[in-house]
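Observations on the model geometry
Single-letter residue listing:
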Amino acid sequence: MNEHANPQTLSQRADELEEQMMHELGERIATKSSLFYLADGKVEMPSGPALKAANPDKYFLMGADPRLPKMPAKPTLIDFFKNRFASLNHLLQSATHALKGGHNEKVVLACLLHDIANGALIRVDHGYWGAQLIEPYVSEEISWAVRNHQALRFFADESVGYKYPEAYVKFFGPDYEPEEYVQRAYAQARQHRWYMTSRLITLNDLYSFDPNVTVDPELFTDIIGRHFKQPPEGLGFDGSAVAHMWRTMIWPNNLL
Ligand SMILES: [Fe+2]
Ligand SMILES: [Fe+2]
């Protein structure tokens with residue numbers, strides 16, 4: 001039978017999948033944040049007591065999810081590259097492109113970090129989230145550049161050969177107009193002294209994602225060492241204003 005003719009079948013299948021995921025976790029119940037339900041078009045949140053009542057002999061998962069790669073107790077940025085950033089190849093390819101183009105190390109690091117938010121945390125407004133994640137650990141110029149690539153990538157700059165990405169015409173349609181806050185951010189960034197640092201992110205941002213090119217993150221160890229202040233307690237445990245954001249990527253489905 002056609003799936004669309006019977007929505008019940010789909011929801012039953014989702015239940016089965018959820019059930020299967022719980023089995024993979026052994027005696028633990030993994031929960032998802034409300035944001036995941038919102039992204040599925042649902043304003044809802046299965047309550048802790050309801051889930052517990054449905055699984056009386058299980059505890060909620062608190063801590064490492066056995067389905068995810070193990071993180072060390074004091075994670076470094078490289079650990080996140082290896083174990084959490086799903087955008088790994090895109091980041092490494094963009095940074096390699098910047099390196100080969102002879103750009104300075106700040107630009108290379110900005111390219112390396114520009115999409116970490118959508119790689120492991122959240123897609124919407126990824127430039128802003130990404131900048132916030134790195135703010136305590138990099139120079140202001142680097143986080144500024146990451147924040148503003150969010151807006152700049154929608155606007156061409158012929159002076160450096162940056163065209164509106166073909167990919168965006170395919171992704172969003174030919175008539176897509178960025179939201180007003182993005183247009184405002186672009187206009188402000190255009191006047192800023194660090195405009196070109198951010199523009200260089202968009203210029204080295206490889207819109208074609210080549211699955212056959214693999215780059216070792218260790219290649220950037222020295223540049224990271226020189227420009228990213230790795231906290232000795234590990235990212236997520238240094239008490240910084242953004243430590244909770246790194247912990248969220250380490251333990252994405254803790255109940256609370
Ligand atoms: Fe991006
Ligand atoms: Fe990108």
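Residues numbered from 1 in each chain as written. Chains lettered and ligands numbered in written order. Predicted model: local features only at pLDDT ≥ 70, side-chain atom pairs only at ≥ 80, totals over all residues. Heavy atoms only, no water.

1. A few points about unusual backbone geometry
Backbone geometry at D125 places phi at a positive 55°, although glycine is not the residue there. As for its position among the elements, D125 is in the loop between α7 (116-120) and α8 (126-134). (Helix = DSSP H or I, 4+ residues; strand = E, 2+ residues; numbered from the N terminus.)

2. Digging into the coordination of the iron ion (ligand 1)
Within the first shell, the iron ion (ligand 1) binds the protein through D115 (OD), H126 (NE2) and H149 (NE2), at distances of 2.2 Å. Motif for the iron ion (ligand 1), donor spacing along one chain: D-x10-H-x22-H. Separating the iron ion (ligand 1) from the iron ion (ligand 2) is a gap of 3.7 Å, which D115 spans by donating to each of them. Within this pair, whereas H126 is found in helix α8, its partner H149 is found in helix α9 (residues 140-152), the two being separated by 23 residues in sequence. Note on H126: relative accessible area 5%, which makes it buried. (Donors = N, O, S within 2.8 Å, 3.2 Å for Na, K, Ca; no water. Buried < 20%, exposed > 50% of the residue type's maximum accessible area, 1.4 Å probe, protein only.)

3. A closer look at the packing of α8 against helix α14 (residues 243-250)
With their axes 8 Å apart at the nearest point, α8 and α14 run at an angle of 110° to one another. Relative to α14, the element α8 lies roughly perpendicular. Contact residues: α8 offers W129, Q132 and L133, while α14 offers M245, W246 and M249. Here the residues of the contact of α8 with α14 sort into five nonpolar, one polar and no charged. (Axes fitted to C-alpha atoms, helices over the stretch in contact; angles between N-to-C directions. Parallel < 35°, antiparallel > 145°, perpendicular 65-115°, else oblique. Contact = heavy atoms within 4.5 Å. Nonpolar A, V, L, I, M, F, W, Y, C, P; charged D, E, K, R; others polar.)

4. Topic: the pattern of salt bridges
Here the structure, examined in full by the defined rule, presents eight salt bridges. Linking D65 and R67 is a salt bridge whose minimum nitrogen-to-oxygen distance equals 2.6 Å. For the salt bridge of D157 with R190, the shortest nitrogen-to-oxygen distance reads 3.7 Å. Of this pair, D157 sits in the loop between α9 and α10 (166-172) while R190 sits in helix α11 (residues 180-190); the two residues are 33 residues apart in sequence, bridging distant segments of the chain. Take D157: its relative accessible area is 4%, and that puts it in the buried class. Three or more residues joined by partner-sharing salt bridges are found here, namely D157, R190 and R199. (Salt bridge = Lys/Arg side-chain N within 4 Å of Asp/Glu carboxyl O.)

5. Brief notes about the coordination of the iron ion (ligand 2)
Coordination sphere of the iron ion (ligand 2), protein contribution only: H90 (NE2), H114 (NE2), D115 (OD), D205 (OD) and D205 (OD), at 2.1 to 2.7 Å. For the iron ion (ligand 2), the donor residues sit on a single chain with the sequence spacing H-x23-H-D-x89-D. Among the residues examined, D115 registers a relative accessible area of 7% and is labelled buried. Judged by its relative accessible area of 7%, D205 is buried.

6. Some details on the confidence of the model for the protein chain
Detailed conclusions should not be drawn from predicted coordinates in areas where pLDDT is low. Predicted confidence across the protein chain gives a mean pLDDT of 91, with 90% of residues reaching 70 or more. The low-confidence segment residues 1-5, where pLDDT is below 50, has three contacts with residues more than four positions distant or belonging to other chains. (pLDDT = per-residue confidence, 0-100.)

7. Describing the side chain of D115
Looking at the element boundaries, D115 is found in the loop between α6 (105-113) and α7. The side chain of D115 is buried and forms no salt bridge, while R153, the nearest opposite charge, is found at 6.6 Å. Excluding residues within four positions of it along the chain, D115 makes contact with S87, H90, L91, H126, H149 and D205. (Lys, Arg positive; Asp, Glu negative; His and termini not counted.)

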